[in-house]
Amino acid sequence: MKKTFLLALSLCGMITSSQAQTAAKPIPPATPQYRPVYHFSPAKMWMNDPNGMVYHNGTYHLFFQHYPDGMEWGPMHWGHATSKDLLSWQEQPIALYPDKLGWIFSGSAVIDANNTAGFGKNAMVAIFTHHNDPEEKKKTNKHQYQSLAYSLDEGKTWTKYPGNPVLPNPGIQDFRDPKVSWNEVAKKWVMTLATKDRITFYASPNLKDWTKLSEFGEKLGAHGGVWECPDLFPLTLNGQTHWVLLVSINPGGPNGGSATQYFIGQFDGKTFTPQTTTQKWVDWGKDNYAGITWANTGARKIFLGWMSNWEYANQVPTSPWRNAMTAPRDLALKQVGQEIYLTSMPAKEVAQLVQPSQSLKNFIVKSELSLTDKIPGLASQFQLQLSTKQLQDFAFVLGNAKGEELVIGYDKQANQYYIDRSKAGQMAFSSTFAGRHPAPRLANGSVADLTLLFDATSVEVFADGGLTTMTELFFPTQPYTTLKLKSTSGLTVDALSYAKLTPHVK
Ligand code: FRU
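Residues numbered from 1 in each chain as written. Predicted model: local features only at pLDDT ≥ 70, side-chain atom pairs only at ≥ 80, totals over all residues. Heavy atoms only, no water.

Novice: Outline the overall build of the protein chain, supporting the account with residue identities and numerical values.
Specialist: In terms of regular secondary structure, the protein chain is built from three helices and 31 strands. Over its C-alpha atoms the protein chain spans a radius of gyration of 22 Å, differing by no more than 12% from the 23 Å that the globule rule assigns to 506 residues. Considering only contacts within the protein chain whose residues lie at least 6 apart along the sequence, 62% involve residues at least 24 apart. For the protein chain, the exposed surface amounts to about 18900 Å²; the carbon and sulfur share of it is 53%. Of note, the protein chain has its 46 positive side-chain charges centred 1 Å away from the centre of its 41 negative side-chain charges. (Helix = DSSP H or I, 4+ residues; strand = E, 2+ residues; numbered from the N terminus. Rg over C-alpha atoms; globule rule 2.2 N^0.38 Å. Contact = heavy atoms within 4.5 Å. Areas by Shrake-Rupley, 256 points an atom, 1.4 Å probe, with all protein chains shown as cover. Lys, Arg positive; Asp, Glu negative; His and termini not counted. Charge placed at Lys NZ, Arg CZ, Asp CG, Glu CD.)

Novice: Now, about the pairing of strand S17 (residues 289-293): what can you tell me, with residues and values included?
Specialist: Here S17 lies mainly inside the structure; five of its five residues are buried. Two strands pair when backbone bridges link them, and S17 and strand S18 (residues 302-306) are joined in this way by three bridges, in the antiparallel orientation. Within S18, the position partnered with Tyr289 by the bridge is Trp306. (Buried < 20%, exposed > 50% of the residue type's maximum accessible area, 1.4 Å probe, protein only. Pairing = 2+ DSSP bridges.)

Novice: Could you give an account of the confidence of the model for the protein chain, naming the residues involved and the relevant values?
Specialist: Averaged over every residue, the pLDDT of the protein chain is 94; the share at 70 or more is 94%. Long-range and interchain partners of residues 1-22, a stretch whose pLDDT sits below 50, account for 41 contacts in this model, where long-range means more than four residues apart. (pLDDT = per-residue confidence, 0-100.)

Novice: How would you explain the sheet that holds strand S10 (residues 188-195) if you had to name every residue and give the values?
Specialist: Reading across the sheet, the four strands line up as S9-S10-S11-S12 and stay open at both edges, with antiparallel pairing between neighbours. The sheet terminates laterally at strand S9 (175-183) and strand S12 (211-216), the two strands that pair on one side only. Pairwise comparison of adjacent strand axes, ignoring direction, gives a mean angle of 25° for this sheet. Pairing analysis gives five bridges linking strand S11 (residues 198-204) to S12, with the strands arranged antiparallel. Counterpart to Ile199 in the pairing with S12 is Phe216. (Axes fitted to C-alpha atoms, helices over the stretch in contact; angles between N-to-C directions.)

Novice: Quick rundown of the nonpolar core? Include the residues and the values.
Specialist: The biggest cluster of nonpolar side chains holds 56 residues, and the ones touching the most others in it are Phe201, Phe396, Leu406 and Phe454. When residues of this core are assigned to their parent elements, the largest contribution, six residues, is made by strand S31 (residues 482-500). The two domains that each donate at least three residues to this core are domain 1 (3-346) and domain 2 (354-500). Ignoring any residue separated from it by four or fewer positions in sequence, one finds Phe396 in contact with Leu371, Leu384, Leu386, Leu406, Val407, Ile408, Leu450, Leu452, Leu483, Lys484, Leu485 and Leu496. Formed by 27 residues, the second largest nonpolar core is a distinct cluster that contains Trp46, Ile292, Ile302 and Ala313. (Core = buried A, V, L, I, M, F, W, Y, C linked by side-chain atoms within 4.5 Å. Domains from an automatic or database assignment.)

Novice: Outline the side chain of Thr293, supporting the account with residue identities and numerical values.
Specialist: Along the polypeptide, Thr293 turns up in strand S17. In terms of polar contacts, Thr293 uses its side chain to reach the side chain of Asp231, at 2.7 Å. Sequence-distant contacts of Thr293, that is, excluding residues within four places in its chain, are made with Met53, Lys179, Asp231, Phe233, Lys301, Ile302, Phe303 and Leu331. (Polar contact = N/O pair within 3.5 Å; in protein donor to acceptor, adjacent residues only side chain to side chain.)

Novice: Break down the pattern of salt bridges for me, with residues and values.
Specialist: Within this structure, the stated rule accounts for 24 salt bridges. Linking Glu184 and Lys187 is a salt bridge whose minimum nitrogen-to-oxygen distance equals 2.6 Å. Between Arg329 and Asp283 there is a salt bridge, with the nearest N and O atoms lying 3.0 Å from each other. Taken as a pair, Arg329 in strand S20 (residues 329-336) and Asp283 in the loop between strand S16 (272-274) and S17 lie far apart in primary sequence, 46 residues in all. Taken as a pair, Arg329 and Asp283 share a single burial class, namely buried. Look at the salt bridges and you will find they share partners, linking Asp197, Arg198, Lys212, Glu215, Glu218 and Lys219 into a network. (Salt bridge = Lys/Arg side-chain N within 4 Å of Asp/Glu carboxyl O.)

Novice: Got a sec to walk through the packing of aromatic side chains? Specific residues and values, please.
Specialist: In this description, an aromatic ring pair is defined by two values, namely the gap between the centres and the angle between the planes. Enumeration over the complete set of coordinates arrives at 32 aromatic pairs. Consider the rings of Phe429 and Phe433, whose centres lie 4.8 Å apart with planes at 55°: the pair is tilted. Using a relative accessible area of 1% as the deciding quantity, one classes Phe433 as buried. Cation over ring: Arg35 sits above Trp321, and NZ or CZ is 3.9 Å from the ring centre. The lysine or arginine in question, Lys280, covers the ring of Tyr341, its NZ or CZ lying 5.2 Å from the ring centre. (Phe/Tyr/Trp six-rings, centres within 6.5 Å; stacked < 30°, edge-to-face > 60°. Lys NZ or Arg CZ within 6 Å of the ring centre and 35° of its normal.)

Novice: Describe the environment of Asp69, with residues and values.
Specialist: Following the sequence through the fold, Asp69 ends up in the loop between strand S2 (59-67) and strand S3 (77-83). Along the primary structure Asp69 and Lys44 are separated by 25 residues, whereas in three dimensions their C-alpha atoms are 9.1 Å apart.

Novice: Give a detailed account of the domain arrangement of the protein chain, specifying residues and quantitative values.
Specialist: Each assigned domain of the protein chain is listed here: domain 1 (3-346) and domain 2 (354-500). Computed over C-alpha atoms only, the centres of domain 1 and domain 2 are separated by 30 Å. Carbon and sulfur atoms supply 60% of the area that domain 1 and domain 2 bury against each other, a total of about 2900 Å² over both sides. Three residues, Tyr34, Tyr38 and Trp284, lead the burial of domain 1 against domain 2; their summed loss comes to 21% of the area buried on that side. If you look at where domain 1 meets domain 2, you find two salt bridges. One salt bridge in this structure joins Arg421 and Asp287, with 2.9 Å as the shortest N-O distance. Secondary-structure elements contributing two or more residues to the side of domain 1 that touches domain 2 are S20 and strand S21 (339-346). Looking at which element gives the most residues to the side of domain 1 that touches domain 2, the answer is S21, with six residues. Tallied by class, residues from the side of domain 1 that touches domain 2 come to 16 nonpolar, 11 polar and seven charged. (Buried area = accessible area lost by both parts, 1.4 Å probe. Nonpolar A, V, L, I, M, F, W, Y, C, P; charged D, E, K, R; others polar.)

Novice: Lay out the pairing of S18 in plain terms, naming residues and giving numbers.
Specialist: Most of S18 is tucked away: five of the five residues are buried. Here S18 runs beside S20; their pairing, made up of two bridges, is antiparallel. Pairing of Phe303 across the sheet is with Arg329, part of S20.

Pasting the structure below:
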């Protein structure tokens, strides 16, 4: 069942959490060929947004929206996984279960180094949305509110704060997904909260008592859907600090369905002021949603998104799990003309996966070059990198004996990169899955570089140092076995490399 539908039903009081539980469908036959290797996916059952991402004592914690009793969205829990390198993940016992205040929706986690909340020095504190929709709540729109839980043993066991909720709902239908961080200017915790069609900022000295600071965005940015899962953090460019505000919206993304937009500006401890009103997207592909950054990583900002789209997340043909996360990405800023953009590149840890590569240097592709015979068998996990001083039309084409094709390329006339999965394999599970999806090239000049990361059923495109990124899924009915580089106009390639991506055995 589509999540929006389920949400609507539950908001209308037509379905309760126990009904949703019993509605869980039988598990389809297993699809081990679709299991990603270096992207996190739960061993089984449903997953959506990354939650509570926090780095602590050498370990990256990734919590996630999880329904452990079904492969479709249902009563939300926080699943938990840990990693030392952001690439190999160990799933841990479920961290947060629904309770009498509601299901556990998205949120964040912090390390309370100064014990401001009184739960203990260095307590891991989760700030999340309780979602509860019985009859009397839904009339007032007060069914979502913010609550706390804390862990004193590195996220293994959790205690819900008896004073929950800490931020009651003033009567806003969508009031959720708190991202909290310590703000040095305000000398307080600042919460960035999605409040229907805008972001509302709150501050607190102790994570328990919250005061409203300001609102942002009612008339700015994309509004094709509800605002969800925000994040606010500083990055520096040429010694100057700029604040980045991520806002996921669903629907209303540039290629349909879910996507994450962002704003760059200043945050003075109270108010966010954008530098310009240009519409910007973190990722132009269809499959990167609800992404936020890890807490407690200092100046380094590492992003991870949910690699799916609410248009078909409940139908993708994997089993016994549904959905995976994107690769971790290092965020930075880059100026192009008058605009500052956010760039995302594979996190530096991804380099550990890269095996010795096959490289071709200084050659011209006229019409078509088969790469299949130049590589020792096409892997399911691999990286392609291309650089050119004279960007022209080109397309990488992955194919199999059944004629299924995944195409990733650049269209010079439109000045767009694109992913075309119209013929990539399975697509009958959703009418909105197949298609050719473009992304504008934001870089100036003819010098271009491209990094593509493949893992079982996903490709992540990082063009021009991460100025334009695209993430998309594909489900071939047989593995792809051929790889071609095509260029109708002729492309002079400075360097092209293919490398298998293999995790180190730990
Ligand atoms: C985003 C979202 C959040 C919400 C969660 C519920 O995908 O809709 O706004 O907290 O999913 O699972």
